[in-house]
Amino acid sequence: MPAARRDDDLERPSDLLPASRYEPPERPAQSSLKRMLAYSRRMLTDGETEPEVAFDRLDATGTRRRARLAPDDAAGPWRDTITTALDSVAASDDATRHHHVILLPTGCPDGLLESWGERRDHRSLVPVSRRALLEAARVGTPVDSDLPPDDGSMLVIGDLARWCVRQHTCLDGLRSFLTRLSHRRSPLVIGCNPFVWRWLDAVLGAGRLLPEPSLPAPCDAAALARWFAAVESARSVRFRNLRSGNDVLATDDDGTVSDDFLHELAARSLGIPWIAWHLWQAAMREAAEPDDVPEDTETDSDERTVWLSQPPATALEAARRSEARLVFHSVLLHGRIDRDMLALTLPLTRTAPMVAMLVADGLLVPIGDELACSPNAYPRVRAELQDAGIACGPC
Amino acid sequence: MADASATSPGDDSPSAAAKLLRDIDEIAFVEIVLIVLLAWASVALAKRLLTLLAEQVPYRFRMPLLGAVPISKLCFVMAAVVAIIPLVFEVTLQNLLIIGGAISVALGFAFKDLVSSLSAGVLAVIEKPFRPGDWVELSGHYGEVIDVGLRATLLRTPDDTVITVPNATLWTDPIGNANDGATTLMCVVEFHLAPPHDAEQVRAALDDVVRTSPYLDYDQPILVITEPTPFATRYRVKGYPFDMRDQFVFATDIAVRGKAAIATAGGVEISAPAVPDRGSGRAPTPSGSR
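Residues numbered from 1 in each chain as written. Chains lettered and ligands numbered in written order. Predicted model: local features only at pLDDT ≥ 70, side-chain atom pairs only at ≥ 80, totals over all residues. Heavy atoms only, no water.

## Overview of the overall build of chain B
Selection rule: Secondary structure is summarised from DSSP: a helix means a run of H or I of at least four residues, a strand means a run of E of at least two, and numbering begins at the N terminus for each. Type-normalised accessible area, obtained with a 1.4 Å probe on protein chains alone, sets the label of each residue: buried when under 20%, exposed when over 50%, and partly exposed for intermediate values. Accessible surface is estimated by sampling points in the Shrake-Rupley manner with a 1.4 Å probe; for residues, cover comes only from the protein chains shown.
A count of helices and strands for chain B gives seven helices and eight strands. A total of 290 residues make up chain B; the buried ones form 40% of that total. Accessible surface computed for chain B: about 15700 Å², of which carbon and sulfur atoms make up 65%.

## What about the overall build of chain A?
Filter applied, for reference: Residue contacts are counted whenever heavy atoms from the two residues lie within 4.5 Å of one another.
The secondary structure content of chain A amounts to 15 helices and 13 strands. Looking at chain A residue by residue over its 395 residues, the buried ones come to 50%. Sequence-distant contacts, at least 24 apart, represent 78% of the contacts inside chain A between residues at least 6 apart. Carbon and sulfur atoms make up 47% of the accessible area of chain A, which totals about 18300 Å².

## Here we look at the interface of chain A and chain B
To keep things clear, this is the line we draw: Each of two parts loses accessible area, computed with a 1.4 Å probe, when they are put together; buried area is these two losses added. A pair is scored as a salt bridge if a Lys or Arg side-chain nitrogen falls within 4 Å of a carboxyl oxygen belonging to Asp or Glu. In protein, a polar contact means a hydrogen-donor-capable atom and an acceptor-capable atom, both N or O and within 3.5 Å, with residues adjacent in sequence counting only if both atoms are side-chain atoms; elsewhere, any N or O pair within 3.5 Å suffices. The residue classification treats Ala, Val, Leu, Ile, Met, Phe, Trp, Tyr, Cys and Pro as nonpolar and Asp, Glu, Lys and Arg as charged. All others, Gly included, are polar.
Counting from both sides, the interface comprises 22 residues of chain A and, opposite them, 18 residues of chain B. Of the roughly 2100 Å² buried between chain A and chain B on both sides combined, carbon and sulfur atoms contribute 60%. Inspection of the region where chain A meets chain B yields two salt bridges. The salt bridge involving Arg 175 of chain A is made with Asp 208 of chain B; its shortest N-O contact spans 2.6 Å. Applying the counting rule to chain A against chain B returns six residue pairs in polar contact (both at pLDDT 80 or more). Counting only elements with at least two residues in the side of chain A that touches chain B, the list comes to helix H1 (29–45), helix H6 (171–183), helix H7 (194–204) and helix H12 (321–334) of chain A. Sorting elements by how many residues they give to the side of chain A that touches chain B places H7 of chain A first, with four residues. Residue composition of the side of chain A that touches chain B, by class: 12 nonpolar, five polar and five charged.

## Here we look at helix H14 (residues 352–360) of chain A
Residues and elements named next belong to chain A. Put simply, the rule is: Here the arc refers to the set of directions running from the helix axis out to each C-beta atom.
Buried within H14 we find Met 354, Val 355, Met 357 and Leu 358. Down the axis of H14, the buried side of the element spans an arc of 160°, and every buried residue falls inside it. Those residues of H14 that are exposed and angled more than 90 degrees off the buried face are Ala 352 and Ala 360. Of the surrounding secondary structure, the elements contacted by the buried residues of H14 are H12, helix H13 (339–344), strand E12 (364–367) and strand E13 (370–373). Downstream of H14 by one or two residues, Gly 362 has phi in the positive range, about 80°.

## Quick notes on unusual backbone geometry
With a phi close to 60°, Leu 270 of chain A is a non-glycine residue in the positive phi region. The residue Leu 270 of chain A is located in the loop between helix H10 (260–268) and helix H11 (273–282) in this model. The class of Leu 270 of chain A is buried, set by a relative accessible area of 12%. Although it is not a glycine, Ser 139 of chain B sits at a positive phi angle of roughly 50°.

## Quick notes on the pattern of salt bridges
Residue and element names in this part refer to chain B. Summed over the entire model, instances satisfying the criterion amount to 33 salt bridges over all chains. Its salt-bridge partner being Lys 73, residue Asp 147 comes within 2.9 Å of it at the nearest N-O pair. Here Asp 147 is found in strand E2 (residues 141–148), whereas its partner Lys 73 is found in helix H3 (residues 62–88), with 74 residues between them in sequence. The class of Asp 147 is buried, set by a relative accessible area of 9%. Its salt-bridge partner being Glu 190, residue Arg 236 comes within 2.9 Å of it at the nearest N-O pair.

## What to know about the packing of aromatic side chains
What counts here: Stacked, edge-to-face and tilted are the three classes for Phe, Tyr and Trp ring pairs, Trp counted by its six-membered ring, which pair at centre distances within 6.5 Å; planes under 30 degrees apart are stacked, over 60 edge-to-face, the rest tilted.
For the coordinates displayed, the defined rule picks out 10 aromatic pairs over all chains. Aromatic pair Phe 228 of chain A and Trp 280 of chain A: ring centres 3.9 Å apart, planes at 10°, arrangement stacked. A residue pair is termed long-range when its members are at least 10 positions apart, and Phe 228 of chain A in helix H9 (residues 221–235) and Trp 280 of chain A in helix H11 qualify at 52 residues. Each member of the pair, Phe 228 of chain A together with Trp 280 of chain A, is buried. Each ring, one from Trp 135 of chain B and one from Phe 248 of chain B, has its centre 5.7 Å from the other, and the planes form 70°; the classification is edge-to-face. Separated by 113 residues along the polypeptide, Trp 135 of chain B in strand E1 (residues 135–138) and Phe 248 of chain B in helix H7 (residues 247–264) bring together distant segments of the chain. Judged by its relative accessible area of 6%, Trp 135 of chain B falls in the buried class. By relative accessible area, which is 36% here, Phe 248 of chain B ends up partly exposed.

## Notes on the side chain of His 98 of chain A
Along the chain, His 98 of chain A falls in the loop between helix H3 (76–91) and strand E3 (99–103). Among the residues examined, His 98 of chain A registers a relative accessible area of 14% and is labelled buried.

## Digging into the environment of Leu 308 of chain A
Residues and elements named next belong to chain A. You can see Leu 308 is positioned in strand E10 (residues 304–308). Judged by its relative accessible area of 0%, Leu 308 is buried. Beyond its immediate chain neighbours, meaning those up to four positions away, Leu 308 contacts Phe 239, Arg 240, Asn 241, Leu 242, Val 248, Phe 261, Trp 280, Ala 283 and Met 284.

## Remarks on the pairing of E10 of chain A
Residues and elements named next belong to chain A. Where we set the bar: Only when DSSP finds a minimum of two bridges between them are two strands counted as paired.
Summarising burial for E10: four of the five residues are buried, a large majority. Where strand E8 (residues 237–241) lies against E10, five bridges are found, and the strand directions are parallel. Bridging from a neighbouring strand, Val 237 pairs with Arg 304 of E10. Direction of pairing for strand E9 (residues 284–286) relative to E10: antiparallel, over a ladder of two bridges. Across the sheet, the residue bridging to Arg 285 is Trp 307, located in E10.

## Some remarks on the sheet that holds strand E11 (residues 337–338) of chain A
The strands that make up a sheet pair up through hydrogen bonds in the backbone, lying either parallel or antiparallel. All names here are of chain A. Ordered in space as E11-E13-E12, the three strands form an open sheet in which the pairing is antiparallel. The sheet is open, and its two edges are formed by E11 and E12, each paired on a single side. Strand direction decides the pairing type here: E12 and E13, joined by four bridges, are antiparallel. By the bridge assignment for E13, Leu 364 is matched with Cys 373.

## Focus on the sheet that holds E1 of chain B
All names here are of chain B. Here we have five strands laid out as an open sheet, ordered E4-E3-E2-E1-E5, and antiparallel in their pairing. The sheet terminates laterally at strand E4 (162–166) and strand E5 (176–177), the two strands that pair on one side only. Where strand E3 (residues 152–156) and E4 come together, five bridges link them in antiparallel fashion. Bridging across to E4, Leu 155 finds its partner in Ile 163.

## Here we look at the confidence of the model for chain A
Residue and element names in this part refer to chain A. Threshold: A score from 0 to 100, pLDDT tells how confident the predictor is in each residue.
Scored by pLDDT, chain A has a mean of 82; 80% of the residues are at 70 or more. Averaged pLDDT values for the elements of chain A fall to 58 in strand E2 (residues 59–60) and rise to 95 in E13. Scored below 50 in pLDDT, residues 48–57 makes 16 contacts in the model with residues more than four places away or belonging to other chains.

In structure tokens, the structure reads:
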């Protein structure tokens, strides 16, 4: 077993933070107090509370229009940061900088690392299907035989979770795969979500084989304001906070975003731009008729106003909470997973009803034949798992 | 001229000392009832509120909140007793000595067990050999402590039976506390295999079974202990679930997948010691083996 790799032994691209130093933005104090009061009220009244805003007077913005009112690239500020950081890695002759693990939380746009590799003519490792991994484990053959030769060329592994199956028969194959990766002298970039990294590090010692993961600095309210401002000017709309009536992108003289909405959004999205991107779209409301605008938030602007307010979160049924947590944890750990494979990784005798319920509630989303955690629900699901004592990683 | 029979608190005159109990018309019954009701309501409210909060807050705050329940009960009861005593008794030094002496004799004979339980209950709250939320073994019963009363402790067993254990048993019986205030506890699953097998392979397989359990607390150690016994090789698999209320499903998960892993690794489980073959002189055959 190689000696533990210490963070300060390796030089890290300056644009990326070590995962251990990632801290999501904090909520504004007033917002935290309101949340605690709403939480206490919910506990004492045992269930539903009325929405905090007058949704009945506004229509949810249609899906296509929402997509037009959001930036084109969900990865936003992080794509440029990761690209710049990886370009410097690829250009470096320093062997200590040759292996990098980038943490990419749930909801990451497909192929973020692979597209970078493709633009730079780097090889990407195509994932093996999980069924092949299980079959190989059953017959005792290795599945890492398709690793390209260690000839000094950069290798990109877009999503390490695609090689993971939480089954005891597959651990040996995974150990072997990680060990072979760690022994490569060629540059290597691995993308990985926080849940699977936490699991690999705890049960297989991945932190001793590969360097500590990095990720860009969290997107705070100012970064989100700069990102979304381009949409506002391009679409001739004004984004306003339904609760306060304020322009959500307006800033004070010192450059601080003045309204609470983006501060709240940055905190709720854990500083992850694609999560913020999804929550931004879910928050959009527009008035069908001018009279439908709440009186205390009327403006004289001729621009089309898009009102923003976070919808109430879907409540998890208390009786099924422990089963739901197991399903969420397995889905997050595998990134995306089909229903049959999900059933194999769970100790539940029947998973289909629970999975169907979570899909119907919008907490899990189908992507082709597979299921993934809804980006809109991710912050809440992660908080649920963390409160239950499940290790979640930094974001 | 002052009424010789009237006294005031702290009055040590001979007439006051002679009178232990207040006159019936001097006793504020309404006040006493109000104090009792207030104490009862405070205890009930504190228990309900703290228990409710413990189930709603993040898991790491559950145990401290549950641990506060018996402490708050004790405080309210003691406050009520301290408030009622001067309303019923003439509180003078001589009277306190008389009361103390009488109580000692009476309780020594008549309420020995009750007093023993009460004092053990007070000590249990102060010393905390266990607290609400702990999984303990008391008087041969294993379960979760749901209430630490002054007289008795309530346990809920894994079969959902509530056992009332008098606190007096704490003086004599050992107490086994599986988690001692922590949010997790060790679970142990045993397997007994017939001796001819690859122990290293079985041990590695069982280790991987624990590592892939959905209930596993990653931050706690995992152990697989191999122990030869006269009739089998015993494997003791040890791990910690992230929520100790899942200890039984965690053990079930390990047991079920462990059996499959053992079979794949070429091991054979046995369920009874080997029966020696007296007639032929051949080696004993373990029951249940192929």
